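Examination of the molecular architecture
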Amino acid sequence: MNPTTNFSDKAANGGEAIRSGGETVRSAVRDFAEGAENAATGVLLGRLEAMGRSAQALGGSLVRQARAGAAATDAQVHTHAWKAVCIAAAAGLALGFVAARRR
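Counting restarts for each chain, with residues numbered from 1 along the sequence as it is written. Two thresholds apply to this predicted model, a pLDDT of at least 70 for residue-level local features and 80 or more for giving and counting side-chain atom pairs, whereas whole-chain, interface and lining totals are computed over all residues. Note that the side-chain values use all heavy atoms of the structure and ignore hydrogens as well as water.

Thoughts on the overall build of the protein
- If you tally the helices and strands in the protein, you get two helices and zero strands.
- Each of the 103 residues in the protein was classed as buried or not, and the buried ones make up 1%.
- To measure how exposed things are, a 1.4 Å probe is used in the Shrake-Rupley method; for residues, cover is taken only from the protein chains shown. Roughly 9,000 Å² of accessible area belongs to the protein as shown, and the carbon and sulfur atoms make up 65% of that amount. Each helix is a run of DSSP H or I of at least 4 residues and each strand a run of E of at least 2, with the numbering of both proceeding from the N terminus. Accessible area is worked out with a 1.4 Å probe on protein chains only. A residue is then buried under 20% of its type maximum, exposed over 50%, and partly exposed in between.

Here's what the structure looks like:
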């Protein structure tokens, strides 16, 4: 066997091994990146769901408070109707004066 040919064969086989190893590394990196992307997506989706539940709870709380405030205002206006009319008239006059002075 010719030492030069033997070296060439080994070099060719080594080059093939390096290419094969490089492809294996690329594949492993690609798989790792996909796994990391899937994990990050899962974390983000979990956080979005938690934020949605929190927003729904907050919205429900705000609606309950608004309804309670509206009910209290309605009861107050029905109990003291003339006071409500006088306050509304005074507020209208004050806004009228402010608007007139700007001209």
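Now that the structure has been shown, we can carry on.
What to know about helix H2 (residues 81-102)
- The length a helix should cover is 1.5 Å for every residue beyond the first. Look at H2: 32 Å from first C-alpha to last across 22 residues, which is about the 32 Å you get at 1.5 Å a residue.
- Of all 22 residues in H2, zero are buried, a share of ten percent or less.

Digging into a nonpolar patch on the surface
- The grouping of Leu-45, Leu-48 and Met-51 at the surface amounts to a nonpolar patch, some 320 Å² of accessible area in total.
- Among the structural elements, Met-51 can be located in helix H1 (residues 3-79).
- Of the residues examined, Met-51 reaches a relative accessible area of 55% and is grouped as exposed. Grouping into patches uses exposed residues only, defined as over 30% relative accessible area, and leaves out salt-bridged ones; the cut-off is 9 Å for like charges and 5 Å for nonpolar side chains (Val, Leu, Ile, Met, Phe, Trp, Tyr). When a carboxyl oxygen of Asp or Glu is within 4 Å of a side-chain nitrogen of Lys or Arg, the pair counts as a salt bridge.

So yeah, pure geometry; function would need other evidence.
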